[in-house]
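As a plain string of letters, each chain reads:
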Amino acid sequence: MGERRQTFGQGVVMTAVILDGRKLAEEIKGKIKKEVELFKKDGIEPCLSTILVSNDPASKIYVNIKHKNCEEVGIKSKNFQFPEDTKQEELIKFIGKLNEDKSVHGILLQLPLPKQIDENKAISAISPEKDVDGLHPVNMGKLIRGESSIIPCTPFGIQQLLIKNGYDPSGKHVVICGRSNIVGKPLAALLIQKKYGANATVTLCHTGTKNLSYFTKQADILVVAIGSPKTITANMVKEEAIVIDVGINKIPDPNTKSGYRLVGDVDFDTVKEKAGAITPVPGGVGPLTVVMLLYNTLLTASLQTDHELSYDLKNLFEH
Ligand SMILES: NC(=O)c1ccc[n+]([C@@H]2O[C@H](COP(=O)([O-])OP(=O)(O)OC[C@H]3O[C@@H](n4cnc5c(N)ncnc54)[C@H](OP(=O)(O)O)[C@@H]3O)[C@@H](O)[C@H]2O)c1
């Protein structure tokens, strides 16, 4: 954890602990790398296949980051690029082929998909055992029932960011802004479980929520995943709250070479003066999302082979 108290002259100014996602992700990656070596000793090469049905530059960047991380830890990975006008049947047929391919352990369908493809149908076509994103109805169903499952990467990463920094959600009021299938809903399902690293009282907010700040101000832990730049301001946050900013938004910035910069859904500069801890954007939740994808790839590889994950790695996430 970072230093919280900073003194300036006679006065004492409190600023939030900055939750460094990059540092934690690197630590976890070290353990994942060791596990990959153990797989290889057993003659198994863990392999992730990604499918990109888009020319969207942001999606391409996200997929490239995933492959770069796989390479760093020794996981084999391959991207399959499809044109924007791909038909749903064609995509589902291809997913079926990857399901059958024994050399592929994990399948990740990069979202969002073009309009002509039903996201739910495409995700449901992935074998639940290869579903590294944990978004298949079987894995989501297991998650809500509290059964062992493949946990969606971003909620899993948020939970690890909290626990590993000493902020156990148990007994805390967690307010989540955003109810998407990839962040808000599975995070709520994860944190309500009567388990270590969960056991929280969860409130889920969305655009139908009246008076959002009435709820956000009650949060011991506030998670924001709404996709709207700097929307959560200091007056919406309780003193000493733990603030997890999931949002990634591009805003114009003439002072940068690219002409833009990335900001979260939280107004970092003002909220950090009030919160107890806060994630930066970039460098907070993002790196954890990627590292949990690496872990999920090894988990799916263990489900399909007779390689059991080592106690050392499992113990990092299961208690
Ligand atoms: N760091 C990471 O690894 C990571 C991973 C995933 C996503 N993200 C980022 O996180 C953000 C959210 O992503 P997503 O895929 O979850 O978004 P999404 O599918 O667009 O869902 C946004 C959710 O926020 C709610 N919402 C929007 N504006 C709101 C407001 N003003 N007040 C209250 N609720 C509001 C929406 O409510 P309704 O349901 O009522 O429409 C919806 O439930 C994006 O910036 C995305 O890029 C980051």
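Heads up: the structure comes first, above all this text.
Computed from a predicted structure; not experimentally measured.

Draft legend 1. Representation of the site of the ligand within the structure. Inspection of the region around the ligand gives 26 residues, with Gly-178, Ser-180, Thr-207, Gly-227 and Thr-289 positioned closest. The element contributing the most residues to the shell around the ligand is helix α10 (residues 285-304), with 3 residues. When grouped by side-chain class, the residues that make up the shell around the ligand number 10 nonpolar, 15 polar and 1 charged.

Draft legend 2. Representation of the sheet that holds strand β5 (residues 76-81) in the model. Pairing is parallel in the open sheet, where 3 strands are placed in the order β5-β4-β6. Both outer strands of the open sheet, β5 and β6 (106-109), are each paired with one neighbouring strand and no more. Each neighbouring strand pair of the sheet contributes to a mean axis angle of 20°, computed without reference to strand direction.

Draft legend 3. Structural context of the packing of helix α1 (residues 21-41) against α10. Orientation of α1 relative to α10, taken along the N-to-C sense of each, is 15°, at an axis distance of 9 Å. With respect to α10, the axis of α1 lies roughly parallel. Judged by the sense of rotation from one axis to the other, the crossing of α1 with α10 is left-handed. Contact with α1, carried on its side by Gly-21, Arg-22, Leu-24, Ala-25, Ile-28, Lys-29, Ile-32, Glu-35 and Phe-39, involves Val-285, Gly-286, Pro-287, Leu-288, Val-290, Val-291, Leu-294, Tyr-295, Leu-298 and Ala-301 of α10 and no other residues of that element. Per-class residue counts for the contact of α1 with α10 are 14 nonpolar, 2 polar and 3 charged.

Draft legend 4. A look at the sheet that holds strand β7 (residues 173-177). An order of β3-β13-β10-β9-β7-β8 is seen for the 6 strands of this open sheet, with the pairing classed as parallel. One side of each edge strand has no neighbouring strand; the edge strands of this open sheet are β3 (17-18) and β8 (201-205). The sheet contact formed by strand β9 (residues 221-224) and strand β10 (residues 242-245) spans 4 bridges and is parallel. Opposite Ile-221, over in β10, you have Ile-242 as the bridge partner.

Calculation criteria
Residues numbered from 1 in each chain as written. Predicted model: local features only at pLDDT ≥ 70, side-chain atom pairs only at ≥ 80, totals over all residues. Near = placed C-beta within 6 Å. Helix = DSSP H or I, 4+ residues; strand = E, 2+ residues; numbered from the N terminus. Nonpolar A, V, L, I, M, F, W, Y, C, P; charged D, E, K, R; others polar. Pairing = 2+ DSSP bridges. Axes fitted to C-alpha atoms, helices over the stretch in contact; angles between N-to-C directions. Parallel < 35°, antiparallel > 145°, perpendicular 65-115°, else oblique. Left-handed = near helix turned anticlockwise from the far one by under 90°. Contact = placed C-beta atoms within 7 Å.

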